[in-house]
Amino acid sequence: MNIIVKPSFERDIDKIKDRELKTALDEKITQIEKAQGISNVTSLKQLRTYQTHYRIKVETPKHKYRIGAIIRNNKIWLVRFCPRKIIYLQFP
């Protein structure tokens, strides 16, 4: 899949200091790049009432984060990366 990173996603990543969480995020982004379609991405769920908005879980023993993404055709826009409690307030 083609990945497009929004500036808001980059700002969210810059705020993170935990290496374990960054490693988990890198692994998830690598998985998304290698995926043939959205059915091959684990922990992906469509948000209610939205046709193209999805959340992707990125979890470690200490942290529960979500990626807010928009998927159309074979492109995925990474929009936000926030803790579970905050992501649904800021995305979509």
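This one's a predicted model, so the numbers in the text were calculated from it and none came from an experiment.

Caption draft 1: Structural view of the sheet that holds strand 1 (residues 2–5). The strand order 1-5-4-3-2 describes an open sheet built from five strands, whose pairing is mixed. In the strand order of this sheet, the two ends are held by strand 1 and strand 2 (44–46), each with one partner. When strand polarity is set aside, the average angle formed by the axes of neighbouring strands in this sheet is 35°. As paired strands, strand 2 and strand 3 (residues 53–59) are joined by three bridges and run antiparallel to one another. If you follow Leu44 over to strand 3, its bridge partner there is Ile56. Seen against the sheet, helix 1 (residues 7–14) touches strand 1, strand 4 (64–72) and strand 5 (75–83) and runs at an angle of roughly 35° to strand 5. Against the sheet, helix 2 (residues 19–34) contacts strand 1, strand 3, strand 4 and strand 5, and its axis sits at roughly 135° relative to strand 3.

Caption draft 2: Layout of the environment of Asp18. By the secondary structure assignment, Asp18 is in the loop between helix 1 and helix 2. According to the relative accessible area criterion, Asp18 is partly exposed, its value standing at 22%. In the structure, Asp18 is positioned 44 residues away from Lys62 in sequence and 9.7 Å away in space, judged by C-alpha atoms.

Basis of the calculations
- Residues numbered from 1 in each chain as written.
- Predicted model: local features only at pLDDT ≥ 70, side-chain atom pairs only at ≥ 80, totals over all residues.
- Heavy atoms only, no water.
- Pairing = 2+ DSSP bridges.
- Helix = DSSP H or I, 4+ residues; strand = E, 2+ residues; numbered from the N terminus.
- Axes fitted to C-alpha atoms, helices over the stretch in contact; angles between N-to-C directions.
- Contact = heavy atoms within 4.5 Å.
- Buried < 20%, exposed > 50% of the residue type's maximum accessible area, 1.4 Å probe, protein only.

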